[in-house]
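What the coordinates show
The primary structure of each chain is shown beneath.
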Protein chains: 2
Amino acid sequence: MQEQGDASALAPLRIGVAGLGNVGATLVKILQNDGVELNKKLGRQVVVTAVAARSRSRDRGIDISGLEWFDDPVALAKSDSIDLFVELIGGEDGPALAAVRAALEAGRPVVTANKALLAKHGVALARIAEDSGAQLGFEAAVAGGIPVIKTLREGLGSARIGRVYGIMNGTCNYILTRMGNEGISFQECLRDAQALGYAEADPTFDVEGFDTAHKLAILASLCFGCEIAPNEIFVEGITGISQADIKVASDLGYKIKLLGIAQRSPEGIEQRVHPTLVPKSSAVAGVDGVLNAIALETDYVHELLLAGPGAGGPPTASSVLSDILDIARGTRVPPLGVPSHELTPYRQAPMRAHEGGYYIRLNAKDVPGALAAIASRMGERGISIESVIQRPDLRVSDPAADGIATRTVVLLTHETMEATVRGTIAQIASDGFIVGEPQLIRIEKI
Amino acid sequence: MQEQGDASALAPLRIGVAGLGNVGATLVKILQNDGVELNKKLGRQVVVTAVAARSRSRDRGIDISGLEWFDDPVALAKSDSIDLFVELIGGEDGPALAAVRAALEAGRPVVTANKALLAKHGVALARIAEDSGAQLGFEAAVAGGIPVIKTLREGLGSARIGRVYGIMNGTCNYILTRMGNEGISFQECLRDAQALGYAEADPTFDVEGFDTAHKLAILASLCFGCEIAPNEIFVEGITGISQADIKVASDLGYKIKLLGIAQRSPEGIEQRVHPTLVPKSSAVAGVDGVLNAIALETDYVHELLLAGPGAGGPPTASSVLSDILDIARGTRVPPLGVPSHELTPYRQAPMRAHEGGYYIRLNAKDVPGALAAIASRMGERGISIESVIQRPDLRVSDPAADGIATRTVVLLTHETMEATVRGTIAQIASDGFIVGEPQLIRIEKI
């Protein structure tokens with residue numbers, strides 16, 4: 001174990017960076033500026049020696065004149081002029097996949113921030129890495145600057161995780177935070193987020209929950225030692241959340257957050273992404289704006305919460321660099337925490353078996369006995385109601401109402417089953433006492 | 001880098017545990033129960049083979065019959081029958097120090113949960129470890145189950161930390177939380193904490209802030225790359241916090257927490273432990289009960305918050321185990337993040353130069369012009385007042401009043417300097433308008 005005792009004698013670690021967007025350019029800048037500090041810490045130089053990107057002439061605020069240039073990231077990944085390949089191209093297939101695979105097959109360590117790639121090909125890439133003896137780091141792929149991958153792979157001893165949940169998308173959290181603080185609509189918040197660069201021109205991937213789902217699939221694999229299953233996640237975005245929902249939730253002591261949640265259940269593993277009512281007193285409720293937070297519930301450590309920036313050039317580049325440093329130090333750990341042949345097949349717990357509380361907002365026809373009929377249908381199915389709110393100021397119009405007088409009612413249920421709630425709502429709808437589609441938001445016990 | 005490729009061929013890692021209190025017994029139990037899981041993860045067996053403790057016959061709920069027994073921890077530390085020595089004896093000198101030193105000198109890796117030992121001898125022990133090529137892990141020494149040492153040593157890339165602060169003592173946080181929630185006195189909370197096992201029979205070490213100071217000194221060294229300086233910390237405990245302080249602070253939007261804070265300042269490094277007003281909306285304000293939390297403010301990652309259990313057998317044993325696993329994997333990192341010869345001498349920023357806001361509670365004599373005189377003294381010294389509270393229901397009696405009619409006044413200042421505040425209060429006291437000793441609580445910008 002002393003082969004690295006005289007670390008100063010080690011040759012410099014030569015880094016090749018593919019993709020010089022915000023994160024890539026920041027990484028190059030950090031390594032150029034902090035080289036001396038890192039050398040002190042590691043007893044070994046870490047230097048970017050080669051890069052690959054689409055345009056050679058674009059001004060990125062960094063000096064690439066002394067670096068070897070590659071037009072083709074795969075050629076860079078395979079090149080013997082580097083010791084470690086950093087993939088910051090993005091995309092779940094295409095050149096990112098080809099380059100990462102080429103580097104790993106050549107036994108060359110890889111660091112990537114590419115969650116889509118990991119979610120889709122993580123197990124296959126881990127297998128290649130293990131076969132060739134190369135390390136594969138992806139701290140930056142989940143929750144940007146928060147060291148959650150390191151914590152899961154190395155930091156929890158043998159603690160078993162029962163549930164992981166968190167805020168994993170800064171765009172959604174920014175929108176929900178502003179909706180809550182300022183009383184403005186989803187559309188207005190989204191426009192601001194786009195103007196500020198927090199949301200893409202096409203925001204679907206973020207606001208519909210798919211980005212969160214990718215990250216959750218990676219976390220679930222690390223937490224439960226199972227294969228990554230990004231396509232077996234129940235996903236619901238935040239586009240349907242109204243001001244009324246946020247206000248009523250707040251009156252009842254809750255905030256609405258888009259959470260990714262994975263937990264063990266008797267049926268397998270539940271993976272779900274949806275807007276969620278969380279108690280205002282909970283730690284995640286206090287994580288606002290573009291910040292992310294991941295909570296890990298373990299048997300030995302109880303709950304651990306990690307909160308910080310989930311995106312942005314410097315935090316993400318900093319996480320990429322922490323993986324590079326681990327590899328420079330010679331740290332060895334299986335990419336997915338356990339060797340890939342020890343991963344168990346993913347067994348999906350059906351969403352209909354999910355148990356929890358529900359926030360139900362519906363438009364009841366303004367006729368005598370409507371509320372009683374609704375409540376008794378719930379009682380028949382064994383759904384116990386925690387709160388009911390029907391107030392003159394609470395009125396969410398529904399195009400389906402079409403002139404029919406309605407009253408907006410919000411019901412909070414105690415713990416029950418998804419299938420039961422859905423069945424009961426269908427029953428209530430067919431009874432003819434409500435108009436339009438009820439709003440259903442899950443409540444998480446935290 | 002492939003020497004551990006076929007990890008399953010590695011010999012078992014034989015662990016010797018000195019000290020079989022709560023943490024030690026839990027660790028032995030975990031290793032006995034989770035051996036198979038760990039073997040899967042590591043491709044290597046980790047087994048406790050020897051123990052040292054005071055009483056051989058005491059029932060600890062674990063089976064030690066198959067383990068080699070040592071009466072003397074130093075003999076265990078030196079024994080060739082183990083590969084890694086775990087020190088859970090406690091105490092800053094004595095057998096703990098002798099045993100850890102003996103193991104490191106023999107080139108044997110050590111894992112310890114002993115903050116007092118680290119605070120006093122950390123730099124010397126790091127030097128011995130580096131000289132002999134042995135690893136030294138102490139994740140469990142600071143904030144129990146929270147992986148803050150790993151994050152600081154390995155997880156932040158080259159990010160520079162400007163300030164570290166947090167709740168590092170569960171006893172104090174439990175007491176302050178209950179005082180805040182239930183309106184009961186410090187003494188009553190302390191008695192309950194003692195009955196529940198959250199506080200020692202002699203609680204001085206916890207409630208006077210010394211335990212927090214030990215942990216802070218270790219964190220400051222890791223954050224700033226300086227030597228550990230546990231004796232150059234400004235320390236103030238929570239025994240002087242009254243219900244009145246908690247209530248008034250709450251009315252003004254603050255909670256009172258015992259924080260350990262270390263930050264870079266133009267004069268050097270400020271290390272301080274004191275009761276602190278933190279905004280209710282801040283993340284640390286939401287960390288209640290026996291939980292701990294550490295916030296790291298860095299240039300690249302902005303703020304990172306890690307929250308979780310700061311003590312208790314399972315979380316602490318889990319952190320000890322995560323160090324053991326790192327050593328079993330062959331991870332190599334200097335004990336204090338940088339090699340000890342790169343540590344800079346500790347340069348203490350004087351507390352009188354500290355800048356911040358202040359909460360000042362004083363008993364003004366009930367005579368015309370008293371408040372005006374106090375306020376104008378503050379104005380003369382350039383202290384700008386943010387809030388003043390004087391209410392009939394706010395009355396903290398002071399034995400020094402001795403029949404003199406007084407009114408309790410609370411002033412919150414904007415940012416000013418410690419020396420200025422102290423000088424002004426002394427001036428106000430000599431003016432004769434106040435009775436007794438004013439209460440001074442610092443406000444932290446978070």
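This one's a predicted model, so the numbers in the text were calculated from it and none came from an experiment.

1. Considerations on the overall build of chain A
The number of helices and strands found in chain A is 14 helices and 17 strands. Relative to its length of 446 residues, chain A is compact, with a C-alpha radius of gyration of 25 Å against a globular reference of 22 Å. Taken along the three principal axes of its C-alpha coordinates, chain A extends 85 × 45 × 35 Å. Looking at the 446 residues of chain A, the share that counts as buried comes to 61%. Pairs at least 24 apart in sequence give 77% of the contacts found in chain A among residues at least 6 apart. Carbon and sulfur atoms form 49% of the exposed surface of chain A, whose accessible area is close to 16,700 Å². When the 42 positive and 53 negative side-chain charges of chain A are each reduced to one mean point, those points stand 1 Å apart.

2. Things to note about the confidence of the model for chain A
Scored by pLDDT, chain A has a mean of 93; 98% of the residues are at 70 or more. Note on residues 1-8 of chain A: pLDDT is under 50 here. Beyond four places in sequence and across chains, it has 11 contacts.

3. Quick look at the interface of chain A and chain B
At the junction of the two partners, chain A supplies 52 residues and chain B supplies 52 residues. Here chain A meets chain B over a buried area of about 4,600 Å², counting both sides, of which 54% is carbon and sulfur. The partner of E154(A) in a salt bridge is K150(B), and the shortest N-O contact between them spans 2.6 Å. Counting every contact that joins chain A to chain B gives 14 residue pairs in polar contact (both at pLDDT 80 or more). Examining the composition of the side of chain A that touches chain B, we find that nine residues originate from one element, helix α12 (residues 313-329) of chain A, more than from any other. With three bridges joining them, strand β12 (residues 302-309) of chain A and strand β12 (residues 302-309) of chain B adopt antiparallel strand pairing.

4. Things to note about the UniProt feature "binding site: L-homoserine" (unreviewed entry) in chain A
All names here are of chain A. Following the UniProt record, one finds the feature "binding site: L-homoserine" (unreviewed entry) at E200. Tracing the chain through its elements places E200 in the loop between α8 (186-195) and α9 (204-207). Non-local contacts of E200, meaning those with residues more than four positions away in its chain, are made with Q194 and D206.

5. A closer look at the domain arrangement of chain A
Residues and elements named next belong to chain A. Once the domains are mapped, chain A shows domain 1 (7-141), domain 2 (150-309) and domain 3 (352-443). Contacts between the two partners involve 20 residues from domain 2, matched on the other side by 19 residues from domain 3. Where domain 2 abuts domain 3, roughly 1,500 Å² becomes buried across the two surfaces, and 62% of that area is made up of carbon and sulfur atoms. Counting across the interface, domain 2 meets domain 3 through three salt bridges. A salt bridge links R442 to E236, with the shortest nitrogen-to-oxygen separation between them at 3.4 Å. Where domain 2 packs against domain 3, one counts nine residue pairs in polar contact (both at pLDDT 80 or more).

6. Describing the pattern of salt bridges
All names here are of chain B. All chains considered together, the criterion is met by 62 salt bridges over all chains. The partner of R108 in a salt bridge is D80, and the shortest N-O contact between them spans 3.2 Å. Highlighted residues: R108 in the loop between α4 (94-105) and β5 (110-112) and D80 in the loop between α3 (73-78) and β4 (84-87), separated in sequence by 28 residues. The exposure class assigned to R108 is buried, which follows from its relative accessible area of 9%. The partner of E418 in a salt bridge is R422, and the shortest N-O contact between them spans 2.9 Å. Taken together, the positions of E418 and R422, both in helix α14 (residues 418-431) and four residues apart, correspond to about one turn of that helix.

7. With respect to the packing of aromatic side chains
Residues and elements named next belong to chain A. Using the criterion set out here, one finds two aromatic pairs over all chains in the structure. Arranged with centres 4.9 Å apart and planes meeting at 70°, the rings of Y174 and Y198 form a pair that is edge-to-face. Here Y198 lies in the loop between α8 and α9 and Y174 lies in helix α7 (residues 170-182), a separation of 24 residues in the sequence. For the cation-ring pair, R153 lies above F138, with the distance from its terminal atom to the ring centre recorded as 5.3 Å.

8. Remarks on the sheet that holds strand β6 (residues 136-137) of chain B
All names here are of chain B. With respect to topology, six strands assemble into an open sheet ordered β3-β2-β1-β4-β5-β6, the strand pairing being parallel. The open sheet has two edge strands with one neighbour each: β3 (68-70) and β6. Sheet analysis places strand β1 (residues 13-18) next to β4, joined by four bridges and oriented parallel. Along β4, the bridge assignment pairs V17 with V86. On the sheet, α4 packs against β4, β5 and β6 and is oriented at approximately 165° with respect to β4.

The rules behind these values
Residues numbered from 1 in each chain as written. Chains lettered and ligands numbered in written order. Predicted model: local features only at pLDDT ≥ 70, side-chain atom pairs only at ≥ 80, totals over all residues. Heavy atoms only, no water. Helix = DSSP H or I, 4+ residues; strand = E, 2+ residues; numbered from the N terminus. Rg over C-alpha atoms; globule rule 2.2 N^0.38 Å. Buried < 20%, exposed > 50% of the residue type's maximum accessible area, 1.4 Å probe, protein only. Contact = heavy atoms within 4.5 Å. Areas by Shrake-Rupley, 256 points an atom, 1.4 Å probe, with all protein chains shown as cover. Lys, Arg positive; Asp, Glu negative; His and termini not counted. Charge placed at Lys NZ, Arg CZ, Asp CG, Glu CD. pLDDT = per-residue confidence, 0-100. Buried area = accessible area lost by both parts, 1.4 Å probe. Salt bridge = Lys/Arg side-chain N within 4 Å of Asp/Glu carboxyl O. Polar contact = N/O pair within 3.5 Å; in protein donor to acceptor, adjacent residues only side chain to side chain. Pairing = 2+ DSSP bridges. UniProt positions renumbered as here; feature names shortened; annotations may be inferred. Domains from an automatic or database assignment. Phe/Tyr/Trp six-rings, centres within 6.5 Å; stacked < 30°, edge-to-face > 60°. Lys NZ or Arg CZ within 6 Å of the ring centre and 35° of its normal. Axes fitted to C-alpha atoms, helices over the stretch in contact; angles between N-to-C directions.

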